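Remarks on the overall topology
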Amino acid sequence: MNPIPTIRTLLVDDEKNSREVLFKLLTIKHPNLEIVGEAATVEEAYELCVTLRPQLVFLDIQMPQANGFNLLKKWTEIPFDVIFVTSFDHYAITAIKFNALDYLLKPIDIKELDAAVEKVIKNYAAKTNQNLQVINLIQSLDANASDKKIAIHSGDKVKIIKSSEVQIIQGDGRYCHLTLQSGEKLTTPKNVKDFEDYFGAKSNFIRISKSHMINASFVKNYFKGEPFIIQMINDETFEVARRKKSEVLAKVMRQI
């Protein structure tokens, strides 16, 4: 059995009390995480990252002057793993989840902390880094980004796909089945509402019913009258909820 590695860890949070709580929890529960420093601002954190070269950063999202994402934007390749910490359950959390990254909501739940740390240790032992996922996250948070990325777990791997590749999203309880332009089908433990929140109203995606979203870029035909039916380029057809008809038509016409 391989020994648990020692991981150099940096705590970044503008709230001193939050840093102290996290420090105590990690010291007691995860002594293999060597706390090499603490920072209260993005600039402090950047200087410590350069000098101390941490392998893991607990990063608060909401901080004065600059948020945690501004720290990550200082690198083209992120040189450490990240566990995000936040008091706010908002859009950024949806983006973090979609990129298969870990986050903790304040006040920190010990079981969630343990799970996040264990995942980092497993990735570190397997020499798996999150660089691509973090970069995709930053791009996803760009309000002007036209092609967001989605992280799909496949065994021990995380597959990154472009949203422009997705034709159809079908809800199935706590899961969604994605049909790609290539015809490939993928399944992810997210629900339709998660996708709706992630893509936003300005995207080409639209929820046409309780269990389906479609990418308007892939609509082949639509049939007038009631019920309102659309046909995708793979020839699958779907009935659109009556209240969604005008919105779907607007997005389809935008593609012309």
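Residues numbered from 1 in each chain as written. Predicted model: local features only at pLDDT ≥ 70, side-chain atom pairs only at ≥ 80, totals over all residues. Heavy atoms only, no water.

1. Describing empty space enclosed by the protein
The tally for this structure, following the rule as stated, stands at one cavity of 30 Å³ or more. One number sums up the size of the largest cavity: a volume of about 50 Å³. Sorting the residues of the lining of the largest cavity by element identifies β1 (7-12) and α1 (16-29) as the ones contributing at least two each. With three residues, the top contributor of residues to the lining of the largest cavity is α1. For the lining of the largest cavity, the per-class residue count stands at six nonpolar, one polar and three charged. (1 Å grid on protein atoms, 1.4 Å probe; cavity = no way out; pocket = protein on both sides within 12 Å on 5 of 7 lines; lining within 4 Å. Points joined across faces, edges and corners; volume = space filled by probe spheres on them. Helix = DSSP H or I, 4+ residues; strand = E, 2+ residues; numbered from the N terminus. Nonpolar A, V, L, I, M, F, W, Y, C, P; charged D, E, K, R; others polar.)

2. Here we look at the environment of N99
Structurally, N99 is set in the loop between α4 (91-98) and β5 (102-105). With 31 residues separating them along the chain, N99 and Q130 place their C-alpha atoms 9.4 Å apart. Sequence-distant contacts of N99, that is, excluding residues within four places in its chain, are made with Q133, N136, L137, S140, K149, A151 and Y198. (Contact = heavy atoms within 4.5 Å.)

3. Some remarks on the sheet that holds strand β9 (residues 175-180)
With respect to topology, five strands assemble into an open sheet ordered β10-β9-β8-β12-β11, the strand pairing being antiparallel. Lying at the two open borders of the sheet, with one neighbouring strand each, are β10 (185-188) and β11 (205-207). This sheet shows a mean twist of 20 degrees between the axes of neighbouring strands, independent of strand direction. Bridge analysis of strand β8 (residues 166-172) against β9 gives six bridges, and the strand direction is antiparallel. Among the inter-strand pairings, I168 is bridged to a residue of β9, identified as T179. (Pairing = 2+ DSSP bridges. Axes fitted to C-alpha atoms, helices over the stretch in contact; angles between N-to-C directions.)

4. A few points about the sheet that holds β1
Ordered by their spatial adjacency, five strands build an open sheet running β2-β1-β3-β4-β5, and the pairing between neighbours is parallel. The open sheet has two edge strands, β2 (33-39) and β5, and neither has a second partner. Ignoring which end each strand starts from, the neighbouring axes of this sheet average 20 degrees apart. Where β1 meets β2, six bridges bridge the pair, whose relative direction is parallel. Note that in β2 the partner of R8 across the bridge is E34.

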